[in-house]
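One-letter residues, chain by chain:
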Amino acid sequence: MQNLSQVLAQSSAPDSLKSVLAVTTGTCIAISDALKQGSLAGILGMAGNENVQGEEQKKLDVISNDMLKDALMACPSVRAIASEEEEDIVAANTDGEYLIAFDPLDGSSNIDINAMVGTIFSIYQQTGDHAATEQDFLIAGKHQVAAGYVLYGPSSMLVLTTGDGVNMFTYDPTKQSFILTTENVQVAPETKEFAINMSNQRFWSENMQNYVKDLTLGKEGPREKDFNMRWVAAMVGDVHRILCRGGIFIYPWDKKDPSKPGKLRLMYEANPMAMLLEQAGGKAHTHTQRILDIEPTAIHQRVAVVLGAANEVDKCLSY
Ligand code: AHG
Ligand code: MN
Ligand code: MN
């Protein structure tokens, strides 16, 4: 069985990108170790401050952000980072050629109930002789050179693409490395499983309400089949399930706060997951366009997300 560095050694990824991936995934192992300690390490609970999005930070949001930030800043190939937990981008090495956007801990509300959380990352290549700025990060997702996540579940798993399919790795604590366990993941075009936070139903657009109503009408409704529903409350867990057994995941625009185009963030949630889904034969859209085509206007911008099984995403958009 091959480990991550053996798999990367056979890929066409340049050595500088391999070093960024080694630092990122190595830090995720350290985050995984910290999570396993839970309250024994005094790391659960609130940090006592808000991030730039006005969300209460958990201690683990801050700890995992600091771990990734410190490790990446020390990596010579890193030009700059952008994080959910940092208001501004942080410039690293002007000679570095990679920009990394990350969600250090996705699914924070799951921390205190010992449920699935993860780290999501998105990598772009960019050079220049100036210190990196926010403007440098505003690149459409289709230009990502790598994207992935580490899911901290019953086992820790790395799911990675460098633009040549999607591989899944399982963390082996006895070897302290990620071992390739599923190659070239594919998402079937049809599905009978959906993921959406139903408690927001009354705030959705009428079209979204009609689409989900037809799913729940099952065999007796226009879809003529029964659908099952799941909601992990961590995008990383919902996307992992879709990569494993198919499905559709939706976090739509809603009128709770009509000024926000969605809840999820483009640069470090939607884009990396969209690249993984497309590389696995699935689709990822907002209600109007392909996520990877969006020209970003700000690093913390939000988008509506419909991703998963290709035919089901098309069906949803047809409403
Ligand atoms: P984060 O913990 O990084 O802020 O992200 C949480 C996101 C996403 O992972 C998940 O799908 C969604 O929020 C859950 O939202 P609800 O609270 O509406 O279930
Ligand atoms: Mn998140
Ligand atoms: Mn987060």
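Residues numbered from 1 in each chain as written. Chains lettered and ligands numbered in written order. Predicted model: local features only at pLDDT ≥ 70, side-chain atom pairs only at ≥ 80, totals over all residues. Heavy atoms only, no water.

**Let's talk about the domain arrangement of the protein**
For an interface, size is often stated in terms of accessible area lost upon the parts coming together. When its domains are assigned, the protein resolves into domain 1 (4–182) and domain 2 (193–318). Here domain 1 and domain 2 have C-alpha centroids that lie 23 Å from each other. The partner domain 2 presents 32 residues to the 49 residues of domain 1 that form the contact. Carbon and sulfur atoms supply 64% of the area that domain 1 and domain 2 bury against each other, a total of about 3000 Å² over both sides. Counting every contact that joins domain 1 to domain 2 gives two salt bridges. As a salt-bridge pair, Glu84 and Arg265 come within 3.2 Å of each other at their nearest N and O atoms. For the interface between domain 1 and domain 2, the tally reads 14 residue pairs in polar contact (both at pLDDT 80 or more). (Domains from an automatic or database assignment. Contact = heavy atoms within 4.5 Å. Buried area = accessible area lost by both parts, 1.4 Å probe. Salt bridge = Lys/Arg side-chain N within 4 Å of Asp/Glu carboxyl O. Polar contact = N/O pair within 3.5 Å; in protein donor to acceptor, adjacent residues only side chain to side chain.)

**Comments concerning the packing of aromatic side chains**
In this structure the tally under the stated criterion is four aromatic pairs. Taken together through their ring pairs, the aromatic side chains of Trp231, Phe249 and Tyr251 make up a single cluster. (Phe/Tyr/Trp six-rings, centres within 6.5 Å; stacked < 30°, edge-to-face > 60°.)

**Let's talk about the side chain of Asp214**
Residue placement: Asp214 occurs in helix α5 (residues 206–216). Not counting residues within four places of it along the chain, the set of residues in contact with Asp214 comprises Pro222, Arg223 and Tyr319. (Helix = DSSP H or I, 4+ residues; strand = E, 2+ residues; numbered from the N terminus.)

**Thoughts on the pairing of strand β17 (residues 305–308)**
Here β17 shows two buried faces, one formed by Val305 and Leu307 and the other by Val306 and Gly308. In terms of strand pairing, strand β15 (residues 283–285) meets β17 through three bridges, oriented antiparallel. Bridge assignment links Ala284 to a residue of β17, and that residue is Leu307. (Buried < 20%, exposed > 50% of the residue type's maximum accessible area, 1.4 Å probe, protein only. Pairing = 2+ DSSP bridges.)

**Digging into the pattern of salt bridges**
Close approach of charged atoms allows side chains of opposite charge to pair. For the coordinates displayed, the defined rule picks out 15 salt bridges. The partner of Lys283 in a salt bridge is Asp314, with the nearest N and O atoms 2.8 Å apart. One end of the pair, Lys283, is in strand β15; the other, Asp314, is in helix α8 (residues 310–318), with 31 residues separating them in the sequence. Look at the salt bridges and you will find they share partners, linking Lys142, Glu278, Arg290 and Asp293 into a network.

**Points about the layout of surface pockets**
Picture a little ball the size of a water molecule; that probe, rolled over the atoms, points out where space is still empty. Approximately 440 Å³ is the volume attributed to the largest pocket. Lining the largest pocket are 26 residues, with Gly107, Ser108, Ser109, Ala233 and Lys263 sitting closest to its centre. Contributions of two or more residues to the lining of the largest pocket are made by β2 (56–58), β5 (98–106), α6 (235–245), β13 (248–251) and β14 (264–265). Class assignment for the residues of the lining of the largest pocket results in eight nonpolar, six polar and twelve charged. (1 Å grid on protein atoms, 1.4 Å probe; cavity = no way out; pocket = protein on both sides within 12 Å on 5 of 7 lines; lining within 4 Å. Points joined across faces, edges and corners; volume = space filled by probe spheres on them. Nonpolar A, V, L, I, M, F, W, Y, C, P; charged D, E, K, R; others polar.)

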